[in-house]
Amino acid sequence: MSRRTILALSGAATAALALTAASLPWTIAAPRAVAFAERDLARRYGLGLSAAGPATLTLLPAPSLSFSRVRLRRGDHDLVESAGLQVQLGLAGLLAGRAEVTGLVLDRARIALPDGAAVDWAEPAARLAARVAAGRGRHLRRLVLVDATLSGRDPRTGSRETVTGLNLVANWPRPSAGLDLSAAFTWRGVPATLTVSGLRPPALAAGTETPLNAALTWVAGPGLDGPSAEGSAEIEGSLVWAGTTVANLPAANSPAANVPADEASAGAATDGPRLSGQGRFTTPALARTLAWLGVEPGPAALAGPVGVEGRFTARPGGVEWPEIQVRFGDNRLEGAGALALVRGRLSVSGTLAAERLDLSGLLPDVEPGGGWSRAPLGLDALTRGDLDLRLSAASARLGSLEAQDVAAGLLVRDGTVEATLGRATVQGGTVKGRAALAALPSGLDARLQGSADRVDLGGLFADLGWPRWILGRGQGSAVLDTAGSSLADLVGRLGGRAVATVEGGEILGLNLADLAQRPDSAAVALRRGGRTHFERARVSLTVADGVAEIGQGQVRGGGLTASLGGRVFLAERRLGAEARIEPGPDGRPAGHFAIEGPWLRPVLRPLAARTLPALSLPAAASAYAP
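Residues numbered from 1 in each chain as written. Predicted model: local features only at pLDDT ≥ 70, side-chain atom pairs only at ≥ 80, totals over all residues. Heavy atoms only, no water.

## Comments concerning the pairing of strand β28 (residues 574-581)
Logical step 1: By the alternation rule, side chains of β28 split into Leu575, Ala577, Ala579 and Ile581, which are all buried, and Arg574, Gly576, Glu578 and Arg580, of which none is buried.
Logical step 2: Examined bridge by bridge, strand β27 (residues 560-569) and β28 share eight bridges and lie antiparallel to one another. Looking at the pairing, Ala562 lines up with Ile581 of β28.
Logical step 3: What sits between β27 and β28 in their antiparallel hairpin is a turn of four residues, with Arg573 showing a positive phi close to 55 degrees.
Logical step 4: The pairing of β28 with strand β29 (residues 591-598) spans eight bridges and is antiparallel. Among the inter-strand pairings, Ala579 is bridged to a residue of β29, identified as Phe593. (Buried < 20%, exposed > 50% of the residue type's maximum accessible area, 1.4 Å probe, protein only. Helix = DSSP H or I, 4+ residues; strand = E, 2+ residues; numbered from the N terminus. Pairing = 2+ DSSP bridges.)

Next up, the structure:
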């Protein structure tokens, strides 16, 4: 073997040994290593470092110092406790004999934000922001948290909040490059992930605009009941820190750090981050997601799957959407909206339009047997937030009822709900209405009013699934009020008045003239059915304690006049009325009949012949059903 070969092999072996040695951790004196790393942390960020365990030095693949049982502090306050800390160092600084911290890796860290945390973190944040904004010196290029725990107080409620299982990686390789961040964590029992990209820290610290792309996803944990609190939110836009910039945050020993809380909150209304751009938000259970976020759902308790997308501007405490698309269920609406959050109370306003709107999911469930529900009613779930909503739709459906050209509004304030139907076209006629609900200690106070004009009654009854016992164009109005703790209670205490008129129509399934002339043939006439044409039919009702008194009921047409009186028992859904057919000018005899029983299938009983058995009207002949 030649001498050159021996020298080459020896050099390679020496290099391999050197690389192996540089790659292995070397245990060194902990106090010196701590002091070495602490000098740079104190100079740049005002942080102190202490370690209770041994220290190790690794040179490859990048120089780093590792410590165990570590504390990062400011003054006498511990800010971070960690089972392990790796301090990544710049090679150039290390060769020059000084520490240049380029990265931190914290293992099982406990990061506490106790009372006064703003003061504890003010100086490190101000120093960091000032260096970033000025572009001075080397920056922290990498921050890693492994299985960290972050705890602090919610500024809205003052309650203690904890984020567990936080795994975070933040990379900022060059001052001119964007910062990329990814994190996974668990908050309030729900796992979530967050990604951020494109952020320019120098622009943010200097108070100028920076691009921002962010995505947040969350999915319900196994301990949650009911609909899952899952969903996603995405932002693609720009971020600027308005008012006081991050670089100008007060130091802990400055007078500004001791500003009273009420003055600070007043300034916070104009200072803070401002976001603008395109945003998307989706969740299959809006109320559950808001509850997870600690926001009272309010009127959102009525919503199920929800999606929101559009151009937005966000500031501390509020979001505005000059252009927005909203999806809930199969509905698609477009318009503008705004959202504000004040002391945990959600306030939403918007003006939205849709081609087709289906609100059938808002109808209450009907108890088996058709009775009025006795389930307790209340507004607490709906009035914990505020809502001012204006809706318009080319067509809309509420249960089996169809309407066109709908303009409506919903106003929710503390303890009150007001729904307004500005106009709607129903079966060729115009319908308007208003319902106002107010919370009472033992239930609800309800005030209802409405009017209808030129509505095709035959088509309306068909939509509602009622027997088509009357045809014609109807108009009417009603003013009602009630109070109670359940729907049955509300109906049983209903009071007010109502009036209805039908012009140029007919009653199906019953011939009144034939019935008056031959009462003994009523059974044959009813089985065969019949028609009664009329020029005008009118009925007025006075309602008290759930009983409607028929004050004026009359049918005129074709030389025939019939009157109706008696009562409608709304709580029992029962009729107790009498109909009288007046004698005709041609000598036609009068007829007098009782109408009793369930209001959709009443029993007709001729009063002039009480020995006749009661006759049940067929479905198409329920002439006096309301």
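Next comes the rest of the write-up.
## Brief notes about the environment of Glu503
Logical step 1: As for its placement among the helices and strands, Glu503 is situated in strand β24 (residues 495-508).
Logical step 2: Relative accessible area serves as the criterion here: at 33%, Glu503 is assigned to the partly exposed category.
Logical step 3: Apart from residues no more than four positions distant in its own chain, Glu503 is found in contact with Gly472, Arg473, Glu535 and Arg536.
Logical step 4: A distance of 2.5 Å separates polar atoms of two side chains, one belonging to Glu503 and the other to Arg536. (Contact = heavy atoms within 4.5 Å. Polar contact = N/O pair within 3.5 Å; in protein donor to acceptor, adjacent residues only side chain to side chain.)

## Describing helix α8 (residues 457-464)
Logical step 1: When we look at burial in α8, the residues that qualify are Leu457, Gly458, Gly459, Leu460 and Phe461.
Logical step 2: Tucked inside the fold, the buried residues of α8 contact β19 (401-413), β20 (416-426), β22 (443-456), β23 (470-484) and β24.
Logical step 3: Two or three places before Gly458, at the opening of α8, Asp456 has a side-chain oxygen 3.2 Å from that residue's backbone nitrogen.
Logical step 4: Just past α8, the residue Gly465 takes up positive phi, approximately 80 degrees.

## Some remarks on the side chain of Thr283
Logical step 1: On the secondary structure map, Thr283 appears in strand β13 (residues 272-283).
Logical step 2: Taking the relative accessible area as the measure of exposure, Thr283 reaches 4% and is therefore buried.
Logical step 3: There is a polar contact of 2.8 Å between the side chain of Thr283 and the side chain of Thr289.

## A word on the nonpolar core
Logical step 1: Formed by 70 residues in total, the largest nonpolar core has its most connected members in Leu199, Ile470, Leu512, Phe534, Val568 and Leu570.
Logical step 2: Setting aside residues up to four positions removed in sequence, Phe534 forms contacts with Ile470, Leu471, Val502, Gly504, Gly505, Glu506, Ile507, Val555, Arg556 and Gly557.
Logical step 3: Among the nonpolar cores identified, the runner-up in size contains 39 residues, and Leu41, Ala55, Leu72 and Trp218 belong to it. (Core = buried A, V, L, I, M, F, W, Y, C linked by side-chain atoms within 4.5 Å.)

## Section: the pattern of salt bridges
Logical step 1: Across all of its chains, the model carries 21 salt bridges by this definition.
Logical step 2: Between Arg311 and Glu323 there is a salt bridge; the shortest N-O distance is 3.3 Å. With a gap of 12 residues between them, Arg311 in strand β14 (residues 306-315) and Glu323 in strand β15 (residues 318-328) connect regions that are remote in the sequence. (Salt bridge = Lys/Arg side-chain N within 4 Å of Asp/Glu carboxyl O.)

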